[in-house]
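An overview of the molecular structure
The lines below spell out each chain.
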Amino acid sequence: MLPHAAVAAPQARPWTDVIVAARMLAVDPFGLGGMHLRARSGPPRDRVCAWIRGLLPASTPCTRVPLHVTDDRLLGGIALAATLHSGAVVWDPGLLAAAHGGLVLLPMAERVETRISATLCAVLDRGKLAIERDGVTAVVPCSLSLVVLDEGIDDEQVAASLLDRLAFGFDLDAFDPRELPDDIAHVDALTEVRARLATVTMAPEAIDALCRAALTLGIASIRAVLLAARAARVHAALAGRVAVETEDLDVAARLVLGRRATCWEAPGEAAAPTADDDSDATPAPETATPPQPSASDDDDARDEDANNPASLEDIVLAAARCGVPDGLLETLRTHRTRGATPPGAGRAGSTRLSIQGGRPAGSRAAQLRQGARIAVLDTLRAAAPWQRLRGAFTLAECGSVRRVEVRREDFRIKQFRQRTETCVIFAVDASGSAAMQRLAEAKGAVEQLLGDCYVRRDHVALIAFRGTLADVVLPPTRSLARVRRRLADLAGGGTTPLAAGIDAATALATDARKRGRAPLVVMMTDGRGNVARDGRTGVAATDDALACSRQLRLAGVPALVLDTSPRATPRVRALATEMNARYLALPYLDSAGVSREIRSLAHESMPCR
């Protein structure tokens, strides 16, 4: 039975928690994974890094991984000069292999590419580095502890898979730098503490309490519980104990589980009715004053607490609640209620590989063609291991100058990563008085969306269809002044050439795709198409519109259909079904809602970076 009755209520201790986490990381740097520090570059972040580094033995290697590190530098590669000199493959170990048994700093982690995050996750999981490149296959030991330095402010986030593998995380910008201590005490007898860690035991009820706390906080990852259990054992070893006690669970829950919380549901709250469930219920007066306990009540309560100590689950849950960052749960609850993506999600845009320009992204084997740039060093590295077999050089044949035989299969071309721009194409039904009433919403949505386009480098286009034709009123642009000017001139009236409008949107989307943009069609119509593409009227117009919708679906263009009818109609829904588009009824949305739905659809339709 754990002695948890005498444990005091946990209190928020920002810098003290950072120090405790740093000392625990020094005891078990590999079992705890590492630490995530969200802060701008400055003295607080540098001092915490110095603490972590200073707590480890002096012989521990410390490696900093650059932001745009290449695979050769990170994983290792063929040492070109040595290989050419010896005629045999000489392998140059990368940063990760050299950091075995030490500390790795990852600055600007919010901008790290997915391939680097995936590699680090695999290393943290296995403690080994698998190398399969340049004709070399090997597995080398690679146990390391990772310190992730995150400078992201709004729209840049560190990969969630990487953060899931780190036990600790702190937002240093939220702490008062004036309370930052100059130095911290070192861990006495670090070797003995590490040896004691192997003998620390943990009761089953303690593990059960951590699991229940994780469920209550909405933590889905099992790694969180495993790391919390590991942290509790480390804290016990630091305190000189051979078994985990409630104080150790308190620290582990606060430091490991608190920052991962996604919801908070105190015991008994689930059964309480909400305002949505019972809207007719009379609300309780907000100014009601709770009854004040008397002195005798306090004495009775203390006696009751002494006789009935809090359960271990409640203590662990209270400790984890103390570690939840301020405002985190409220932010998550707000975005979950609105059905929007969390802050930052999807705003950084997607990227694609190119051979013509952008951010360098390594090289790949390919044939030389127009526009491609040869990666000279990578090509030589590919050719170097084969020189002895090819017999391309000998001192006797070439004198003092050695020649390297490069064949077609050795060529490597440079790759670049380009940011993909989104092109949102509004196709607006401008026919008749009903459509005219909805032009205001269309104009508002376009103008509101354009504000985000400046951040995301997106384009906006506008197509209006009325009479017998569909006109591209506004070609793809990011100019706010031009958009406002053309929108002001947009007029409506006449019949509805719905098929022509869908055709024009498909053609514009295809052209945008050819220009390297990601098209997205937003169709605003009441579905009353009465003019076919060949000028016929009646049922032929409806069939024509459905056929054009299928063409848009076959083109693979994501689309959003907004029903501008006074009431939602089946014909517009059928149109959306043929397009494989998302359907929304505009009477229930304003321009801000339209903009929010477009952002959500653009985020879902884009590939991951």
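One structure accompanies this document, and this report is about it. (Residues numbered from 1 in each chain as written. Predicted model: local features only at pLDDT ≥ 70, side-chain atom pairs only at ≥ 80, totals over all residues. Heavy atoms only, no water.)

1. A look at the overall build of the protein chain
Convention followed: Every helix listed is a DSSP run of H or I at least four residues long, and every strand listed is a run of E at least two residues long, numbered separately from the N terminus. Type-normalised accessible area, obtained with a 1.4 Å probe on protein chains alone, sets the label of each residue: buried when under 20%, exposed when over 50%, and partly exposed for intermediate values. Between two residues, a contact is recorded if the distance between any of their heavy atoms is within 4.5 Å. To be clear on the numbers: accessible area is Shrake-Rupley with a 1.4 Å probe, and residue cover counts the displayed protein chains and nothing else.
On a plain count of helices and strands, the protein chain comes out with 23 helices and 18 strands. Every one of the 609 residues in the protein chain was classed for burial, and the buried ones make up 44%. Considering only contacts within the protein chain whose residues lie at least 6 apart along the sequence, 78% involve residues at least 24 apart. Carbon and sulfur atoms make up 52% of the accessible area of the protein chain, which totals about 30400 Å².

2. A closer look at the packing of aromatic side chains
Heads up, the rule is: Here the aromatic set is Phe, Tyr and Trp, taking the six-membered ring for Trp, and pairing holds for ring centres within 6.5 Å; pairs whose planes are under 30 degrees apart are stacked, those over 60 apart are edge-to-face, and all others are tilted.
According to the stated counting rule, one finds one aromatic pair in the structure shown. Seen in terms of ring centroids, W15 and F175 are 5.2 Å apart; in terms of plane orientation they differ by 75°. Their pairing is edge-to-face. With a gap of 160 residues between them, W15 in helix α1 (residues 14-27) and F175 in the loop between β9 (168-171) and α8 (190-197) connect regions that are remote in the sequence. On the accessibility criterion, W15 (5% relative accessible area) is buried. Given the relative accessible area of 17%, F175 is considered buried.

3. Some thoughts on the side chain of E113
The residue E113 is located in the loop between β5 (102-106) and α6 (114-126) in this model. Residue classification places E113 among the buried positions, given a relative accessible area of 9%. Those residues in contact with E113 that lie beyond four places of it in its chain are R359, P360 and R417.

4. Brief notes about the sheet that holds strand β17 (residues 559-563)
Using the following cut-off: At least two DSSP bridges between two strands are required for those strands to pair. Axes, fitted as lines to C-alpha atoms, cover a helix only where it is in contact. Angles between the N-to-C directions of the axes lie from 0 to 180 degrees.
The six strands are arranged β15-β14-β13-β16-β17-β18 in an open sheet whose pairing can be described as mixed. Strands with a single pairing partner mark the edges of an open sheet, and in this sheet they are β15 (469-477) and β18 (582-585). Averaged over all pairs of adjacent strands, the angle between their axes in this sheet comes to 15°, without regard to strand direction. Here strand β14 (residues 459-466) runs beside β15; their pairing, made up of six bridges, is antiparallel. When the bridges of β15 are listed, I463 appears paired with V472. Running over the sheet, helix α22 (residues 570-579) touches β16 (517-525), β17 and β18 and is turned about 180° from β17.

5. Comments concerning the packing of α8 against helix α10 (residues 222-238)
Defined as follows: Note on angle classes: values under 35 degrees are labelled roughly parallel, values over 145 roughly antiparallel, values of 65 to 115 roughly perpendicular, and the remainder oblique. Here a crossing is taken to be left-handed if its near helix is turned anticlockwise relative to the far helix by less than a right angle, and right-handed if that turn runs clockwise. Each residue gets one of three labels, nonpolar for Ala, Val, Leu, Ile, Met, Phe, Trp, Tyr, Cys and Pro, charged for Asp, Glu, Lys and Arg, and polar for the others, Gly among them.
Remark: α8 packs on α10, axes separated minimally by 9 Å, with the N-to-C direction vectors making an angle of 130°. In terms of orientation, α8 lies oblique with respect to α10. Taken as a pair, α8 and α10 cross one another with a handedness that is right-handed. Where α8 abuts α10, its residues V193, R196 and L197 lie against R230, R233, V234, A237 and L238. Grouping the constituent residues of the contact of α8 with α10 by class yields five nonpolar, no polar and three charged.

6. Overview of the side chain of R45
Along the chain, the position of R45 falls in helix α2 (residues 43-55). Judged by its relative accessible area of 6%, R45 is buried. Residues contacting R45, with those up to four places away along its chain left out, are A39, R40, L149, E151 and L172.

7. As for the pattern of salt bridges
We apply this condition: The term salt bridge refers to a side-chain nitrogen of Lys or Arg lying within 4 Å of a carboxyl oxygen of Asp or Glu.
Considering all chains together, one arrives at 23 salt bridges under this definition. Through salt bridges with shared partners, a single ionic network connects D72, R133, D378 and R381.

8. Digging into the environment of D92
Take D92: it is sitting in strand β4 (residues 91-93). Overall, the relative accessible area of 40% leaves D92 in the partly exposed class. Setting aside anything within four residues of it in sequence, one finds D92 in contact with G76, G77 and A79.

9. Overview of α2
Since the α-helix turns once every 3.6 residues, residues separated by three or four places project in the same direction. Defined as follows: Any helix carries an expected span of 1.5 Å times its number of residues minus one. For this quantity, the arc is that covered by the directions from the helix axis to the C-beta atoms.
With 13 residues, α2 extends 18 Å from end C-alpha to end C-alpha; this agrees with the ideal 18 Å at 1.5 Å per step. What α2 keeps buried is the set R45, V48, C49, W51, I52 and L55. Along the axis of α2, the buried residues cluster in a sector spanning 150°; they form a single face. Packing partners of the buried residues in α2 comprise α1, β1 (34-38), β5, β8 (144-150) and α8.

10. Side note on the nonpolar core
Stated formally: The definition of a nonpolar core used throughout is a set of buried Ala, Val, Leu, Ile, Met, Phe, Trp, Tyr and Cys residues joined through side-chain atoms within 4.5 Å.
Ranked by internal contacts, the top residues of the largest apolar core, which has 68 residues, are L37, F168, F170, L172, L210, L249 and L257. Here the element with the most residues in this core is α10; it accounts for ten residues. Excluding anything up to four places from it in sequence, L210 contacts M202, V225, A228, A229, L249, L257 and V316. Among the nonpolar cores identified, the runner-up in size contains 29 residues, and A504, L508, A509 and A545 belong to it.

11. Re unusual backbone geometry
Although it is not a glycine, M108 adopts a positive phi angle of roughly 50°. Relative to the helices and strands, M108 is located in the loop between β5 and α6. The partly exposed category is assigned to M108, whose relative accessible area is 25%. Even without a glycine there, the phi angle at N580 is positive, about 60°. Its place among the elements puts N580 in the loop between α22 and β18. Of the residues examined, N580 reaches a relative accessible area of 60% and is grouped as exposed.

12. Some points on the environment of D125
Mapping D125 onto the fold places it in helix α6. On the basis of relative accessibility, which here comes to 44%, the residue D125 falls in the partly exposed class.

13. Points about the sheet that holds strand β2 (residues 62-64)
In spatial order, the strands read β2-β5-β8-β1-β9; together these five strands make up an open sheet with parallel pairing. Each edge of the open sheet carries a strand with a single partner, namely β2 and β9. Averaged over all pairs of adjacent strands, the angle between their axes in this sheet comes to 15°, without regard to strand direction. Where β2 meets β5, three bridges bridge the pair, whose relative direction is parallel. In the sheet register, C62 faces β5, and the bridge partner there is L103. Across the sheet, α1 is in contact with β1, β8 and β9; its angle to β9 comes to roughly 150°.

Taken by themselves, the reported measurements are silent on function.
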